[in-house]
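Chain residues, written in single-letter form:
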Amino acid sequence: MTTLLPETDRGGGPGAHQEVFDAAIAADERIEPRDWMPDAYRATLVRQIAQHAHSEIIGMQPEANWITRAPSLRRKAILMAKVQDEAGHGLYLYSAAETLGASRDELLDKLHSGRQKYSSIFNYPTLTWADVGAIGWLVDGAAITNQVPLCRCSYGPYARAMVRVCKEESFHQRQGYELLLALSRGTEAQHAMAQDAVDRWWWPSLMMFGPPDDASKHSAQSMAWKIKRHSNDELRQRFVDICVPQAESLGLTLPDPELRWNEERGHYDFGPIDWSEFHEVLRGNGPCNDQRLDRRRRAHEEGAWVREAAAAYARKHGGQDGDGRTAA
Amino acid sequence: MSAPRTAVLALGDDALVLSHRLGEWAGNAPVLEEEVALANIALDLLGQARALLTMAGDEDELAYLREERAFTNVQLVEQPNGDFAHTIARQLYFSAYQELLYERLADGGTDDAELAALAAKAVKEVAYHRDHAEHWTLRLGDGTETSRKRMKDALEGLWRHTGELFRPVEGLDVDWAGLDEQWARRITGVLERAALTVPEGPRSSPWAAGAGRQGVHTEPFGRMLAEMQHLHRSHPGASW
Amino acid sequence: MTTSEWPLWEVFVRSRRGLSHTHVGSLHAPDAEMALRNARDLYTRRSEGVSIWVVPSSAVTASSPDEKDPFFEPAADKPYRHPTFYEVPEGVRHL
């Protein structure tokens, strides 16, 4: 019997399979879970999808930090719904990774033991309420710029998960922008709070697109496999071009004196990124690396008895008891 | 006729405070699927709170600028989350009560049409909350030795806050004693199925000062409000 | 012990009456009842559905991509199963 779970080796020799795979990629067809795929393709996808899923669930923390202090009930409802979406997006993505034979437990274990990464952006603290807005506008904005092309990624389940994620994320960026706009147009103290947040989040947001193309070790292969559709620098430029006019409408400035329109290129020029900060945060030395991972581990450990209890109950009661009805 | 203010505030505060407590779970739930479930319940309750408080005035003024003694939520909902079993026990006790009360309000328990309509909508949400709490009560009660002990402790620990649920609220035409009986039957039924026993001991405090409906709260509530209100209060008159 | 003891379930949602259930993704749950509830919370929180099925992933039997040719190609050379195969004289309607 064959099930939905993927197979890694079905015999028949890799040569013929490789040809079918290459032809599918060349024809812009989707690769589906049980198709033969090169081990390196599978490994790249698992790494990327896992990192993406981890980012969603670690990313809940900086924003959840403000749920209990949200300054109006409307904002509180929006923020709760947004943080909830992040848990949901983590679930969609872990579910995509399962189709490659990587169980959620295994991936969580790798996250908890530091063997898999999440986006470094979440290693920065949310110091004020305005940070919630800056995350929505800049961090989610950068994420969306990165993610929209992933809706056409060559691996079917990942592409489908991203379609759902992108559809739901559109409100995330807007709520952040609206939040910052209210602050920018509010009292002097509120305006200053908004500017301070944008000053702190701008550069880390640009780093979210990853190292420059000439220093990015995975990029070329991922582009060839159509997992990735645009280079890091292309996407970063697109993001800067989008943000500059949006900042003007907000009445806030971006903290880069070299930012100016370049008529010839048809793009905004911007100043050099401090990659030493990026690498330090990536290495684990950011302001919140330890805190984020500790909290994640603690939630998981403290939940162990609950997960065990439900599993024990299911064993006792046959797993399908109660009001389950026949599908019709 | 406009909604009876005392009643609307009491019910609104219940929903507001419990929603806040559930919001504290964000990022801390035992499993990702439960993050989504708890947030759904919190959002339903926050929606109810906003509608109810708006019937009594400005929702943000009421939520952020009242002092502790002006809040009339029952003490049960302000109890700290504790472990997952405590959160489930609190939810079980409260949603069973809320469902019965809202059913009654949707069906003649108030002559205010707006409140009746709100109750009719909310009762569907609350039925799901109660179902969620019941399913978890069964799994924790009849799961492992550890979970059974934790669930039992939680049910017993919160028991003394259940009597207050059935103190009459001014402006509502409800047979409170009858509601209490129905509630007890329902809880007994669930606990029996979960291989647990109904706690014994007093269901309310002997203190003459009263309890939540009189604005008398437990110590953790003041801290909760301090956290909830501080940003709003730091910027008087600002809009968000 | 970990969540791996919570099996994987495939989730199918009927988005509105008159349409079939469509596969939307998967989730983990200890049993069928909880799977149904988790699916409701996760996959229909923006009113995406009116009915849900959950199926243990291990219960799905799938055709293998390797059998794709014997399974699906024989159907390709039988165009007479499709109405467009047939010629209809100009002017003939309701056919």
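Since the model is a prediction, treat every value here as computed from it, not as a measurement.

A. Region of interest: the overall build of chain B. Broken down by element type, chain B carries 9 helices and 0 strands. The secondary structure elements of chain B, listed N-terminal to C-terminal, are α-α-α-α-α-α-α-α-α. The globule rule puts the C-alpha radius of gyration for 240 residues at 18 Å, and the 17 Å found for chain B is close to it. Along the first, second and third principal axes, the C-alpha set of chain B runs to 55 × 40 × 35 Å. Within chain B, contacts between residues at least 6 apart in sequence are counted, and of these 81% link residues at least 24 apart. About 9000 Å² of surface is accessible on chain B, with carbon and sulfur atoms providing 51% of the total. Between the averaged position of the 24 positive side-chain charges in chain B and that of its 38 negative side-chain charges there is a distance of 3 Å.

B. Here's a closer look at the interface of chain B and chain A. Of the residues lining the interface, 48 residues belong to chain B; the matching set on chain A comes to 45 residues. Carbon and sulfur atoms make up 66% of the surface buried where chain B meets chain A, a total of about 4000 Å² over both sides. Our count for the contact surface shared by chain B and chain A stands at 2 salt bridges. Ionic pairing is found between Arg104 of chain A and Glu33 of chain B, a salt bridge with its closest N-O pair at 2.5 Å. Elements represented by at least two residues in the side of chain B that touches chain A include exactly helix H1 (5-23), helix H2 (32-56), helix H3 (59-65), helix H5 (84-109), helix H6 (113-141), helix H7 (145-159) and helix H9 (219-234) of chain B. At 11 residues, H2 of chain B tops the list of elements feeding residues into the side of chain B that touches chain A.

C. Region of interest: the pattern of salt bridges. Residue and element names in this part refer to chain A. The tally for this structure, following the rule as stated, stands at 42 salt bridges over all chains. For Glu86, the salt bridge identified is with Lys82, shortest N-O distance 3.1 Å. Placement of both Glu86 and Lys82 in helix H4 (residues 73-98) is noted, with a separation of 4 residues, approximately one turn of the helix. Note on accessibility: Glu86 and Lys82 belong to one class, buried.

D. Here's a closer look at the pairing of strand S2 (residues 21-28) of chain C. Residue and element names in this part refer to chain C. Pairing of strand S1 (residues 8-14) with S2 involves 7 bridges; the strand directions are antiparallel. What sits directly across from Phe12, in S2, is His23. Between the antiparallel neighbours S1 and S2 lie 6 residues, among them Gly18 with a positive phi of about 100°.

E. Region of the structure containing a nonpolar patch on the surface. Residue and element names in this part refer to chain C. Taken together, the side chains of Tyr80, Phe85 and Tyr86 define a hydrophobic patch exposed on the protein surface, amounting to about 350 Å² of accessible area. Tracing the chain through its elements places Tyr80 in the segment after helix H2 (68-72). Note on Tyr80: relative accessible area 43%, which makes it partly exposed.

F. Just the side chain of Arg21 of chain B, in detail. You can see Arg21 of chain B is positioned in helix H1. Ignoring anything within four residues of it in the chain, the contact list for Arg21 of chain B reads Val77, Glu78, Gln79, Pro80, Asn81, Arg90, Pro220 and Met224 of chain B.

G. Geometry of the packing of aromatic side chains. Here the structure, examined in full by the defined rule, presents 25 aromatic pairs over all chains. On the basis of an interplanar angle of 15° and a centroid distance of 6.0 Å, the ring pair of Trp202 of chain A and Phe239 of chain A is categorised as stacked. With a gap of 37 residues between them, Trp202 of chain A in helix H8 (residues 188-207) and Phe239 of chain A in helix H10 (residues 232-250) connect regions that are remote in the sequence. Side by side, Trp202 of chain A and Phe239 of chain A carry an identical accessibility label, which is buried. Relative to Trp183 of chain B, the ring of Tyr93 of chain B lies with its centre 5.6 Å away and its plane at 50°, an arrangement referred to as tilted. Residue Tyr93 of chain B is found in helix H5, and its partner Trp183 of chain B is found in helix H8 (residues 176-193); the two are separated by 90 residues along the sequence. Seen from the ring of Trp66 of chain A, Arg69 of chain A lies directly overhead, with NZ or CZ sitting 3.6 Å from the centre. Over the aromatic face of Phe71 of chain B sits the side chain of Arg66 of chain B, whose NZ or CZ is 4.2 Å from the ring centroid.

H. Structural detail: the environment of Cys153 of chain A. Residues and elements named next belong to chain A. Inspection of the secondary structure assignment puts Cys153 in the loop between helix H6 (130-147) and helix H7 (156-184). Its relative accessible area of 0% is what places Cys153 among the buried residues. Note: C-alpha distance between Cys153 and Lys226 (73 residues apart in sequence) is 5.9 Å. Beyond its immediate sequence surroundings of up to four residues, Cys153 is in contact with Arg30, Tyr158, Ala159, Lys226 and Ile227.

I. Here's a closer look at H4 of chain A. Given a rise of 1.5 Å per residue, 26 residues ought to cover 38 Å, and the 38 Å separating the end C-alpha atoms of H4 of chain A matches this to within 8%. Along H4 of chain A, 24 of the 26 residues are buried, which leaves the element largely enclosed by surrounding structure.

J. Spotlight on the packing of helix H2 (residues 39-58) of chain A against H7 of chain A. Residues and elements named next belong to chain A. Two elements in contact, H2 and H7, have axes separated by 12 Å at closest approach and are oriented at 25°. In terms of orientation, H2 lies roughly parallel with respect to H7. At the point where H2 passes H7, the crossing takes the left-handed sense. When H2 is examined against H7, the residues Leu45, Gln48, Ile49, His52 and Glu56 are found in contact with a partner set consisting of Tyr158, Met162, Val165 and Glu169. Of the residues in the contact of H2 with H7, the class split is 5 nonpolar, 2 polar and 2 charged.

K. Representation of the packing of H5 of chain B against H7 of chain B in the model. Residues and elements named next belong to chain B. Contact geometry for H5 and H7: axes closest at 8 Å, N-to-C directions at 50°. With respect to H7, the element H5 is oriented oblique. As H5 packs across H7, the resulting crossing turns out to be right-handed. Contact with H5, carried on its side by Ala85, His86, Ile88, Ala89, Arg90, Leu92 and Tyr93, involves Arg150, Met151, Asp153, Ala154, Leu155, Leu158 and Trp159 of H7 and no other residues of that element.

L. Spotlight on the side chain of Asp83 of chain B. Tracing the sequence through the fold places Asp83 of chain B in the loop between helix H4 (75-78) and H5. Within the structure, the side chain of Asp83 of chain B is placed 2.9 Å from the backbone nitrogen of His86 of chain B, a separation counted as a polar contact. The residues touching Asp83 of chain B, leaving out its near neighbours within four places in the chain, are Trp305 of chain A together with Trp25 and Arg150 of chain B.

M. Local environment of the sheet that holds strand S3 (residues 51-56) of chain C. Residue and element names in this part refer to chain C. The strand order across the open sheet formed by 3 strands is S2-S1-S3, and the pairing between neighbours is antiparallel. Strands with a single pairing partner mark the edges of an open sheet, and in this sheet they are S2 and S3. Taken over all neighbouring pairs, the strand axes of this sheet differ in orientation by 25° on average, direction set aside.

N. Up close: the confidence of the model for chain A. Here chain A averages 92 in pLDDT, while 93% of its residues score no lower than 70. Within the model, pLDDT remains below 50 along residues 321-328 of chain A, and this stretch shows 9 contacts once partners closer than five positions in the same chain are excluded.

Rules used throughout
- Residues numbered from 1 in each chain as written.
- Chains lettered and ligands numbered in written order.
- Predicted model: local features only at pLDDT ≥ 70, side-chain atom pairs only at ≥ 80, totals over all residues.
- Heavy atoms only, no water.
- Helix = DSSP H or I, 4+ residues; strand = E, 2+ residues; numbered from the N terminus.
- Rg over C-alpha atoms; globule rule 2.2 N^0.38 Å.
- Contact = heavy atoms within 4.5 Å.
- Areas by Shrake-Rupley, 256 points an atom, 1.4 Å probe, with all protein chains shown as cover.
- Lys, Arg positive; Asp, Glu negative; His and termini not counted.
- Charge placed at Lys NZ, Arg CZ, Asp CG, Glu CD.
- Buried area = accessible area lost by both parts, 1.4 Å probe.
- Salt bridge = Lys/Arg side-chain N within 4 Å of Asp/Glu carboxyl O.
- Buried < 20%, exposed > 50% of the residue type's maximum accessible area, 1.4 Å probe, protein only.
- Pairing = 2+ DSSP bridges.
- Patch = residues over 30% accessible without salt bridge, like charges linked within 9 Å, V, L, I, M, F, W, Y side chains within 5 Å.
- Phe/Tyr/Trp six-rings, centres within 6.5 Å; stacked < 30°, edge-to-face > 60°.
- Lys NZ or Arg CZ within 6 Å of the ring centre and 35° of its normal.
- Expected span 1.5 Å × (residues − 1).
- Axes fitted to C-alpha atoms, helices over the stretch in contact; angles between N-to-C directions.
- Parallel < 35°, antiparallel > 145°, perpendicular 65-115°, else oblique.
- Left-handed = near helix turned anticlockwise from the far one by under 90°.
- Nonpolar A, V, L, I, M, F, W, Y, C, P; charged D, E, K, R; others polar.
- Polar contact = N/O pair within 3.5 Å; in protein donor to acceptor, adjacent residues only side chain to side chain.
- pLDDT = per-residue confidence, 0-100.

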